[in-house]
Amino acid sequence: MEAGDRVEFVDVQPGRFEIVAATASVKSLRGAFGRPARAVSIDEMNQAIAARAAGKR
């Protein structure tokens, strides 16, 4: 991201917003937030999504 780039705050559910690039492809944000502490598998992602949907953390 550079100075002047725009983002949009998208209301995805009450009290929860997501930040979306408004002037560039989401791919251009790669690396903007640093590297993750460790790689996460698709299975781990699916489990986290299912747990969140079930109201767990």
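For the structure itself, consult the block above.
Presented here is an overview of the structure given in this document. (Residues numbered from 1 in each chain as written. Predicted model: local features only at pLDDT ≥ 70, side-chain atom pairs only at ≥ 80, totals over all residues. Heavy atoms only, no water.)

### Some thoughts on the overall build of the protein
A tally of helices and strands in the protein yields 1 helix and 2 strands. The helix and strand sequence of the protein, counted from the amino end, reads β-β-α. Over its C-alpha atoms the protein spans a radius of gyration of 14 Å, topping by over 25% the 10 Å that the globule rule assigns to 57 residues. Taking the principal axes of the C-alpha coordinates as reference, the protein spans close to 40 × 30 × 15 Å. Residues counted as buried form 4% of the 57 residues belonging to the protein. (Helix = DSSP H or I, 4+ residues; strand = E, 2+ residues; numbered from the N terminus. Rg over C-alpha atoms; globule rule 2.2 N^0.38 Å. Buried < 20%, exposed > 50% of the residue type's maximum accessible area, 1.4 Å probe, protein only.)

### Examining the pattern of salt bridges
Think of it this way: side chains of opposite charge can pair up when their charged atoms draw near. For the structure shown, the criterion picks out 1 salt bridge. Between Glu44 and Arg38 there is a salt bridge, with its nearest N and O atoms 3.2 Å apart. (Salt bridge = Lys/Arg side-chain N within 4 Å of Asp/Glu carboxyl O.)

### Let's talk about the environment of Ala22
With respect to the helices, strands and loops of the structure, Ala22 is situated in the loop between strand S2 (16–21) and helix H1 (42–53). Relative accessible area serves as the criterion here: at 25%, Ala22 is assigned to the partly exposed category. Discounting chain neighbours no more than four positions away, the residues touching Ala22 are Arg6, Val7 and Glu8. (Contact = heavy atoms within 4.5 Å.)

### Focus: H1
With 12 residues, H1 extends 16 Å from end C-alpha to end C-alpha; this agrees with the ideal 16 Å at 1.5 Å per step. The first or second residue beyond H1 is Gly55, which carries a positive phi of 90°. (Expected span 1.5 Å × (residues − 1).)

### Overview of a nonpolar patch on the surface
Residues Val7, Phe9, Phe17 and Ile19 make up a contiguous nonpolar surface patch of roughly 430 Å² in combined accessible area. Elements supplying a minimum of two residues to the nonpolar patch: strand S1 (7–13) and S2. Structurally, Phe17 is set in strand S2. Accessibility expressed as a relative area gives 51% for Phe17, which makes it exposed. (Patch = residues over 30% accessible without salt bridge, like charges linked within 9 Å, V, L, I, M, F, W, Y side chains within 5 Å. Areas by Shrake-Rupley, 256 points an atom, 1.4 Å probe, with all protein chains shown as cover.)

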